[in-house]
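Residue-level listing of the chains:
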Amino acid sequence: MKKELLSIIVLAYNEEQALQLFIEEAEKYTRDMPVDVEYIFVNDGSSDDTFAVLEGMSRQNDRVFYISFSRNFGKEAAMYAGLEYARGDYVAIMDADLQDPPALLPEMYRLIVEEQYDCVGSRRIDRKGEPPIRSFFARLFYRIMNNLSQMDIVDGSRDFQMMKRKVVDAILRMPERNRFSKGIFGWIGFRKKWLEYENVERVAGEMKWSFWKLLIYALDGIIAFSTIPLVIASLTGLVFCFIALMMIIFIIVKTLVFGDPTSGWPSLACIIMFVSGIQLFCVGILGQYLSKIYIETKNRPIYLVDETNITRDGRYEKAVHTLQ
Ligand code: UDP
Ligand code: MG
């Protein structure tokens, strides 16, 4: 009987120093697994020598494949590309920096094959080595997200996971441009098991996320998976109408009872400023959704491949092929 295949998607953006360490560590654990293994490295438009390193690795090891983007499209796009190209019966997604321990791979595989889980995710139980302020905002984000989207997004969950083919196909049926994987993985359902591990610091290179990048990513995530901000905007409008009504009644009664001394323009100015501020804020929320619709309707590709040594339908070519 033909052995089943496990595709391991590895995301690499400026990871020239980590790649060799990664493959050595991963091979240690996958060598004895009862399944064929292929690595699909996604080079997300790195500006260092990641591509050259990958090419060298693919020449030495015929289980190593690469997809190299024409520019940096972001980790979400890289994951999508990996899933599109992977042809394995099982697919795992990992970071190249060894923060996702390959030591968990055999256990993930066992859980899927023996215990009938469809997907095994991983979650770190601490945030060791992370700045406290970042941990604080991360926790806040998970709380807001879970309240707003009615979806269970697990705090500390990583993108590191292994899944069956049917889960991959489900994710591929969500070709949205505004990709927020944690939401997508939660949305599709299926039987999922979480493995917990302690945070590991990256082996080499630098973290790619600045605080602002993370903040924008978090806001995009909320917009992608919840329309509650729109409801909040409408409710704010209603509340302000109600307050205005009360104020009108108050002023009419006051004028009738005490006469009409003209006063209070500073307070009026403040109120106008305040209310127009709220209006702009609500229009801004609308604008955010509108801009996402705009991007989606353009229907642009999620990523563009520059070079790869793997073809999309899974027939491998040894020669490098370039997208025309
Ligand atoms: N990454 C990517 N494209 C990007 C940013 C990051 O493919 O635009 C990859 C990166 O090479 C790494 C993984 O995504 O393998 C996670 O990035 P990082 O280690 O910076 O973040 P963290 O581990 O904190 O999630
Ligand atoms: Mg990392």
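Criteria and thresholds
- Residues numbered from 1 in each chain as written.
- Chains lettered and ligands numbered in written order.
- Predicted model: local features only at pLDDT ≥ 70, side-chain atom pairs only at ≥ 80, totals over all residues.
- Heavy atoms only, no water.
- Phe/Tyr/Trp six-rings, centres within 6.5 Å; stacked < 30°, edge-to-face > 60°.
- Helix = DSSP H or I, 4+ residues; strand = E, 2+ residues; numbered from the N terminus.
- Buried < 20%, exposed > 50% of the residue type's maximum accessible area, 1.4 Å probe, protein only.
- Near = heavy atom within 4 Å.
- Polar contact = N/O pair within 3.5 Å; in protein donor to acceptor, adjacent residues only side chain to side chain.
- Areas by Shrake-Rupley, 256 points an atom, 1.4 Å probe, with all protein chains shown as cover.
- Donors = N, O, S within 2.8 Å, 3.2 Å for Na, K, Ca; no water.

(A) Local environment of the packing of aromatic side chains. All told, the structure shown has 14 aromatic pairs when counted by the stated rule. Centre to centre, the rings of Phe-51 and Tyr-66 are 5.5 Å apart; their planes meet at 85°, and the pair counts as edge-to-face. Separated by 15 residues along the polypeptide, Phe-51 in helix α2 (residues 50-60) and Tyr-66 in strand β3 (residues 64-69) bring together distant segments of the chain. Assessed through its relative accessible area of 1%, Tyr-66 is described here as buried. When the ring of Phe-141 is compared with that of Phe-180, the centres are 6.1 Å apart and the planes differ by 85°; the resulting orientation is edge-to-face. Placement of Phe-141 in helix α5 (residues 132-149) and of Phe-180 in the loop between α6 (165-172) and α7 (181-188) is noted, with a sequence separation of 39 residues between them.

(B) Up close: the site of ligand 1. The environment of ligand 1 is formed by 17 residues, the closest being Glu-15, Asp-44, Gln-99, Arg-202 and Lys-208. The separation between an oxygen atom of ligand 1 and a polar main-chain atom of Leu-11 is 2.8 Å. Glu-15 places a side-chain nitrogen or oxygen 2.6 Å from an oxygen atom of ligand 1. Contact with the protein chains hides 92% of the accessible area of ligand 1, taken as 530 Å² for the molecule alone.

(C) Quick peek at the coordination of the magnesium ion (ligand 2). On the protein side, the magnesium ion (ligand 2) has Asp-97 (OD) and Gln-99 (OE1) as donor atoms, found 1.9 to 2.0 Å from it. Pair check on accessibility: Asp-97 and Gln-99 agree, each one buried.

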